[in-house]
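Single-letter residue listing:
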Amino acid sequence: MLGVSGGIAAYKAVEICRRLVDAGAWVSPVMTNAATRFVGQTTLSALASEPVRRSLWDEPEPIPHTRLGQGADLVIVAPATARVIGAYAAGISSDLLTATLLATRAPVLLCPAMHTEMWEHPAVRENVATLRRRGVHVVEPAAGRLAGGDLGTGRLADPADIVAAAAGILGLERRPGRPPGSGSGLAGVAGLAGLAGVVAVVTAGGTREPLDPVRYIGNRSSGKQGYAVAAELARRGASVQLISTVSRPAPPGVAVTAVETAAQMGVAVREAAGSAQVVVMAAAVADFRPKAVAPEKIKKQDGPPEVVLEPTPDILAGLGRARRPGQVIVGFAAETVAPSAAAPLGRTLRDYARAKLDSKGADLIVANDVAAPGVGFAHDTNAVLIVGRGGFEADIALTNKDVVAAAVVDAIAALINRPTPVNRPTQEEQEQS
Ligand code: CTP
């Protein structure tokens with residue numbers, strides 16, 4: 001179902017509709033009355049798979065919102081105005097579109113578009129955050145020229161990105177067109193979508209711990225692997241928040257929260273993890289930070305400063321201790337074990353990974369040897385060993401980071417879909433620890 005609400009970007013819904021139909025989707029369009037002021041109902045009816053519906057009252061069928069809601073595999077709202085977002089967050093059904101949003105159990109993809117001031121208003125921010133927590137997917141608006149010539153964030157995301165996010169949520173690239181309700185139904189769709197309805201938090205990049213207003217202690221992490229994991233989770237239908245120290249383009253459908261220090265990352269992760277089923281700590285978090293941060297730039301003539309460090313809290317270990325039932329917690333481990341003589345007591349990557357699985361209380365550890373060629377920091381490639389409870393292991397030879405991300409998400413999906421409780425160590429592991 002494609003819902004169109006009343007903003008200037010409604011004209012772009014025509015292209016989204018056409019692309020969805022071209023991709024093989026059956027598109028049932030719903031417009032609000034305001035949307036018809038921006039784009040012709042006839043235009044959308046002509047391009048969609050069935051005529052536009054607008055009203056709860058004038059349709060031949062008595063309860064169109066339940067039929068539309070139950071029959072949909074995915075509900076897209078593009079553009080989603082502040083009013084529709086607010087009504088949906090508050091559970092108010094004032095027209096066919098908002099009634100359908102409440103009546104559906106299909107995944108929902110909101111594509112907000114509005115003026116920057118409206119998008120940044122705390123009411124809108126909180127409504128969007130509420131909906132995200134409930135598992136609603138959001139393709140963030142882009143920055144650019146807005147109605148009236150203003151520049152800022154708020155324009156509807158690119159139709160191609162919206163369609164890509166929709167395909168990702170459904171877990172398929174292409175699907176034959178069919179009328180709603182005639183296929184596998186919602187249960188079948190949930191299987192296809194893979195991680196639809198799952199809320200995930202991913203961290204990426206290296207933290208920066210300030211020494212003074214211009215200098216920091218950092219590390220070589222580029223954030224590429226964390227971004228790839230976030231993108232893959234979103235592609236499979238999860239609602240993803242990425243907490244990042246690096247500035248890279250956000251993957252489609254992923255919300256990015258910018259942080260800098262380990263302390264800021266800890267606060268953001270703990271807040272987001274409260275409602276997340278999956279937490280992936282791909283970030284390279286500083287273990288130590290300067291105990292005191294000079295309020296002004298440290299001057300050369302004052303001589304080399306003596307920097308005293310203090311430990312940072314271990315975010316991952318904290319998550320492991322505070323885990324909720326059913327939560328899947330994934331840590332990364334950047335090690336240097338090559339050449340093997342350099343590893344203390346000849347410890348292998350597997351030893352390090354298994355030790356971190358226990359010390360952090362994680363379900364999975366994704367370990368890599370960052371001293372090996374083409375592996376880890378700043379490369380587009382990676383080679384990892386993924387270890388989990390009950391002897392689970394996946395050894396991913398050197399490949400690109402997207403493939404590694406797919407393997408990590410496969411391991412996560414296997415834990416989520418496991419019928420038995422996932423987070424308990426085996427008896428053997430309990431005895432060992
Ligand atoms: N991590 C964390 N908080 C920290 C340090 C690390 O959450 N203060 C997380 C990282 O995000 C990663 C995992 O812990 O998922 C392992 O990080 P790593 O640096 O490899 O391990 P450390 O715990 O720092 O142990 P060591 O330095 O001894 O290897």
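Residues numbered from 1 in each chain as written. Predicted model: local features only at pLDDT ≥ 70, side-chain atom pairs only at ≥ 80, totals over all residues. Heavy atoms only, no water.

(A) Quick look at a nonpolar patch on the surface. A cluster of nonpolar side chains, I217, F288, V307 and L309, forms an exposed patch at the surface whose accessible area comes to about 340 Å². Tracing the chain through its elements places V307 in the loop between β14 (288–290) and β15 (309–311). (Patch = residues over 30% accessible without salt bridge, like charges linked within 9 Å, V, L, I, M, F, W, Y side chains within 5 Å. Areas by Shrake-Rupley, 256 points an atom, 1.4 Å probe, with all protein chains shown as cover. Salt bridge = Lys/Arg side-chain N within 4 Å of Asp/Glu carboxyl O. Helix = DSSP H or I, 4+ residues; strand = E, 2+ residues; numbered from the N terminus.)

(B) Layout of the sheet that holds strand β4 (residues 108–112). Here we have 5 strands laid out as an open sheet, ordered β2-β1-β3-β4-β5, and parallel in their pairing. Unpaired on one side and paired on the other, β2 (29–31) and β5 (137–138) mark the two borders of the sheet. Of the strand pairs in this sheet, strand β1 (residues 2–4) and β2 are connected by 3 bridges, and their pairing is parallel. What sits directly across from V4, in β2, is M31. The sheet strands contacting helix α1 (residues 10–22) are β1 and β3 (75–80), and the helix crosses β1 at an angle near 170°. (Pairing = 2+ DSSP bridges. Contact = heavy atoms within 4.5 Å. Axes fitted to C-alpha atoms, helices over the stretch in contact; angles between N-to-C directions.)

(C) Expanded view of the side chain of Q225. You can see Q225 is positioned in helix α10 (residues 224–235). Of the residues examined, Q225 reaches a relative accessible area of 7% and is grouped as buried. Looking at Q225, its side chain comes within polar contact range of the main-chain oxygen of K401, at 3.0 Å. Not counting residues up to four positions away in its chain, the partners in contact with Q225 are F332, N382, K401, V404 and A405. (Buried < 20%, exposed > 50% of the residue type's maximum accessible area, 1.4 Å probe, protein only. Polar contact = N/O pair within 3.5 Å; in protein donor to acceptor, adjacent residues only side chain to side chain.)

(D) Representation of the site of the ligand. Close to the ligand lie 16 residues; M281, A283, L316, K356 and K360 are nearest. In this structure, an oxygen atom belonging to the ligand sits 2.7 Å away from a main-chain N or O atom of A283. A distance of 2.4 Å separates an oxygen atom of the ligand from a polar atom in the side chain of K360. Relative to its free-state accessible area of 570 Å², the ligand is covered by the protein chains to the extent of 76%. When residues of the shell around the ligand are traced back to their parent elements, those giving at least two are α12 (315–321), β16 (328–335) and α13 (349–360). By residue number, the principal contributor to the shell around the ligand is β16, which donates 4 residues. Grouping the amino acids of the shell around the ligand by side-chain chemistry returns 10 nonpolar, 2 polar and 4 charged. (Near = heavy atom within 4 Å. Nonpolar A, V, L, I, M, F, W, Y, C, P; charged D, E, K, R; others polar.)

(E) Fine view of the pattern of salt bridges. Per the counting criterion, the structure on display carries 18 salt bridges. Here R323 and D363 are joined by a salt bridge, their closest N and O atoms 3.1 Å apart. Taken as a pair, R323 in the loop between α12 and β16 and D363 in the loop between α13 and β17 (364–369) lie far apart in primary sequence, 40 residues in all. For D363, a relative accessible area of 1% translates into the label buried. With its nearest N and O atoms 3.6 Å apart, the salt bridge here joins E393 to R354. Linking E393 in strand β19 (residues 393–400) with R354 in helix α13, this pair joins segments that are 39 residues apart in sequence. Taking the relative accessible area as the measure of exposure, E393 reaches 34% and is therefore partly exposed. A single network of salt bridges, built from pairs that share partners, joins E232, R235, R236 and D410.

(F) Region of the structure containing the packing of helix α4 (residues 82–90) against helix α7 (residues 122–133). One can describe the packing of α4 onto α7 by two numbers: an axis separation of 9 Å at closest approach and a directional angle of 50°. The angle between α4 and α7 places the two elements in the oblique class. For the pair α4 and α7, the crossing hand works out as left-handed. Seen from α4, the contacting residues are A82, I85, G86, Y88 and A89; seen from α7, they are V124, N127, V128 and L131. Class assignment of the residues belonging to the contact of α4 with α7 gives a composition of 7 nonpolar, 2 polar and no charged. (Parallel < 35°, antiparallel > 145°, perpendicular 65-115°, else oblique. Left-handed = near helix turned anticlockwise from the far one by under 90°.)

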